[in-house]
Amino acid sequence: MSTSGRACIAGIGQTEYTRWGRIDRSEFQLACEATMAAAADAGLPVEELDGFTSFSGDRSEAALLQTALGIPRLRYAAMVWGGGGGGSCGAVDQAVAAVESGLANYVIAFRSLAQGQSPRFGRHRDGRLHGSFTAPFGMLAPAAMTAPTVRRHMHLYGTSSEHMAEVAMVCRDNASRNPNAVMRDRPLTREAYHQARMIADPFRLNDCCLETDGACAVLVTTIERARDLRRAPVRILASSHGSGPGWGSGALGSHNMPVDVYASVNSRTLGPELFARAGLKTSDIDVAQIYDNFTGLVIMALEDYGFCPIGEGGPFVASGAIRWPDGDLPINTAGGNLSEAYVHGLNHVVEGVRQLRGESTSQVEGARTCFVCGGLGVAPTSAVILARD
Amino acid sequence: MDEMAFWEHCAARRLMFQRCGECGLHRHPPIPICPACRSNRIAWSEAPAEGEVFSYTVVHHPSHPAMAACVPYNVAIVAFPSLDNVRLISNVVDVPPEQMAVGMKVRLHWEGPVDGIWLPRFRRSEA
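Below, the structure is looked at part by part. (Residues numbered from 1 in each chain as written. Chains lettered and ligands numbered in written order. Predicted model: local features only at pLDDT ≥ 70, side-chain atom pairs only at ≥ 80, totals over all residues. Heavy atoms only, no water.)

## What about unusual backbone geometry?
What counts here: Each helix is a run of DSSP H or I of at least 4 residues and each strand a run of E of at least 2, with the numbering of both proceeding from the N terminus.
For the bond running from Ala379 of chain A to Pro380 of chain A, omega is -5 degrees, close enough to zero to count as cis. Cis geometry marks the peptide bond from Gly112 of chain B to Pro113 of chain B; its omega dihedral reads -5 degrees. Among the structural elements, Pro113 of chain B can be located in strand 7 (residues 105-114). In this structure, His255 of chain A takes a positive phi of about 65 degrees despite not being glycine. You can see His255 of chain A is positioned in the loop between strand 9 (234-242) and helix 8 (270-278).

## As for the packing of helix 4 (residues 142-157) of chain A against helix 9 (residues 295-304) of chain A
Helix-helix packing is described using two parameters, namely the angle between the two axes and the distance between the axes. Residue and element names in this part refer to chain A. Under the convention used in this document: The angle between two axes is taken between their N-to-C directions and runs from 0 to 180 degrees, where each axis is a line fitted to C-alpha atoms and a helix contributes only its stretch in contact. Any angle that is under 35 degrees is reported as roughly parallel, and any over 145 degrees as roughly antiparallel; angles of 65 to 115 degrees are reported as roughly perpendicular and all others as oblique. A crossing counts as left-handed when the near helix is turned anticlockwise from the far one by less than a right angle, and as right-handed when that turn is clockwise. Whether two residues are in contact is decided by their heavy atoms: any pair within 4.5 Å suffices. When residues are sorted by character, Ala, Val, Leu, Ile, Met, Phe, Trp, Tyr, Cys and Pro go into the nonpolar class, Asp, Glu, Lys and Arg into the charged class, and all the rest, Gly among them, into the polar class.
As a packed pair, helix 4 and helix 9 sit with axes 9 Å apart at the nearest point and diverge in direction by 60 degrees. It follows from the interaxial angle that helix 4 and helix 9 lie oblique. Our pair here, helix 4 against helix 9, has a crossing hand that is left-handed. The residues of helix 9 that touch helix 4, namely those facing Thr146, Thr149, Val150 and His153, are Gly296, Leu297, Ile299, Met300 and Glu303. Of the residues assigned to the contact of helix 4 with helix 9, the class counts are 4 nonpolar, 4 polar and 1 charged.

## Some words on the interface of chain B and chain A
Formally: What counts as buried area is the accessible surface, traced by a 1.4 Å probe, that two parts surrender upon association, with contributions from both included. In the sections that follow, a salt bridge refers to a side-chain nitrogen of Lys or Arg positioned within 4 Å of a carboxyl oxygen of Asp or Glu. As used in this structure description, the phrase polar contact means that two N or O atoms lie within 3.5 Å; if the pair is within protein, one of them must be able to donate a hydrogen and the other to accept it, and residues adjacent in sequence are counted only when both atoms belong to side chains.
Between chain B and chain A, the contact holds 31 residues from the first and 32 residues from the second. Note on chain B versus chain A: buried area summed over both sides is about 2,800 Å², and carbon and sulfur give 62% of it. If you sort the residues of chain B by the area they bury against chain A, Phe54, Arg87 and Ile89 of chain B come out on top, with a joint share of 23%. Across the contact surface, chain B and chain A share 0 salt bridges. At the junction of chain B with chain A, the criterion picks out 18 residue pairs in polar contact (both at pLDDT 80 or more). Elements supplying a minimum of two residues to the side of chain B that touches chain A: helix 1 (4-11), strand 4 (50-59), strand 5 (73-80), strand 6 (86-90) and strand 8 (117-124) of chain B. When residues of the side of chain B that touches chain A are assigned to their parent elements, the largest contribution, 6 residues, is made by strand 4 of chain B. Partitioning the side of chain B that touches chain A into residue classes produces 18 nonpolar, 10 polar and 3 charged.

## Considering the packing of aromatic side chains
Residue and element names in this part refer to chain B. Rule in force here: Note on ring pairs: Phe, Tyr and Trp rings are taken, using the six-membered ring of Trp, and paired if centres are within 6.5 Å. Classes follow the plane angle, with under 30 degrees stacked, over 60 edge-to-face and the rest tilted. We count a charge as sitting over a ring when the NZ of a lysine or the CZ of an arginine lies within 6 Å of the ring centre and within 35 degrees of the ring normal.
Taken as a whole and judged by the stated rule, the model has 13 aromatic pairs over all chains. If you follow Arg13 out to its NZ or CZ, it ends over the ring of Trp118, 3.9 Å from the centre. In this structure, Arg87 is placed above the aromatic ring of Phe54, and the distance from its NZ or CZ to the ring centre is 4.9 Å.

## A few points about the pairing of strand 4 (residues 76-80) of chain A
Residue and element names in this part refer to chain A. The cut-off we apply is this: Relative accessibility under 20% of the residue-type maximum defines a buried residue, over 50% an exposed one, and the middle range a partly exposed one, all with a 1.4 Å probe and only protein chains included. One requirement defines pairing of two strands: DSSP has to find at least two bridges between them. The handedness of a crossover follows from its direction of travel: if, with the strands pointing away from the viewer, the path from the first strand over the helix to the second runs clockwise, the crossover is right-handed.
Because side chains alternate across strand 4, one face comprises the buried residues Tyr76, Ala78 and Val80, and the other comprises Ala77 and Met79, none of which is buried. Taken together, the 5 bridges between strand 3 (residues 51-55) and strand 4 define a ladder with parallel strand orientation. The partner of Thr53 across the bridge, within strand 4, is Ala78. At this point the chain moves from strand 3, through helix 2 (residues 62-69), to the parallel strand 4, and the crossover so formed is right-handed.

Here it is, written out as structure tokens:
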């Protein structure tokens, strides 16, 4: 949890992104490559790195990275609890806490996910949270687990598949301009969206994020230290991770989160606190990277984080607000988890930095602020607000 | 371990939800402490025979090979308003995908035993 804005992102790095099973190096090697790329981008010798943070049980442990990269002194190694991408911005949050408190100087927040080499993410395995209350009834994968929250939203507010199609098409369109996006050559028409096969009603194929191989990393340090580095720092105005009450039994559990926030992404308290700490209003945000595990959850996230009133997420996206370049709030400008790659949303943080450097392939003219949020409907969730000076 | 009593009740074909022995709040899944008053006294309430579909999905993609022969099937979130709106993930076994609807009244229907386990499922209530 950051309030001072003393922390910044001084470097970004990533590997190539591919469809799952198509990358020829180990998941651990990808983590090393993304880390080295972030240090190189910042112009910092790798041996100066002294901390690592990640989330979702990343298998590339900090001490293994330290060993492989020849780092003499590790001062910080932290992992955000919880599954999926809920902790993506939480890993950044942990890094902020480390550098602002002085526990470490240069912390890498990373995610490496080669889905072709590991148990397929989202596939049912014994031991899932509250598994005996989900698996016997066929509630086996995140699409099915989160679909009822969107179905409830449709029931309450009239949200429709047309609204979800808009999110899918916006992400795909942005990916078409990003040479690193997995779906760069796969345009999506409205007709093709509706004709695609159903996965878990109301989610069709293109409502669901990709499954990919790849890794990315951001280098977090203080503004003071970043002044000696190569790139202009991108300031972290505020960062946060957390959960509302009862979401341990939420969409990925038994669906017994509080009834008044059932059709939400579990970020209705996190959002206002984050903006208050940043000293900004949602209308101050120039561009946003909204975690997109499923299109319907993007619509609910826009409500939870305050970009539109509760229940109006569908009309908000239908208005063209999230489209690049003319919408009031272009989102997922690299293509997102839906169409760039599924690096559990840490790729959204990397894209946020590119926007504030003026280097996005779907650049928002003059962007000074970027909102980024992590995984939706899980617990904890997380978000950051980035800015350039 | 906290979940065992729930399934033992099911084995006797009784759908029982945990209730705080101190303040009476219902909760699910079973947990050792009441989130409202922090009491560790546990009681149980039997669910009414009828619940309502709070929300649902219809699964078309078998995310595990064992489910390939089962799709499409619905997964229903069944709510019991008289028990503090406690919700149970289950299935409505006699309703085709296109007729599933939020608010549908459903009646408890036991299926089993499979390996000694009885599953609480539901049928659409008569109008």
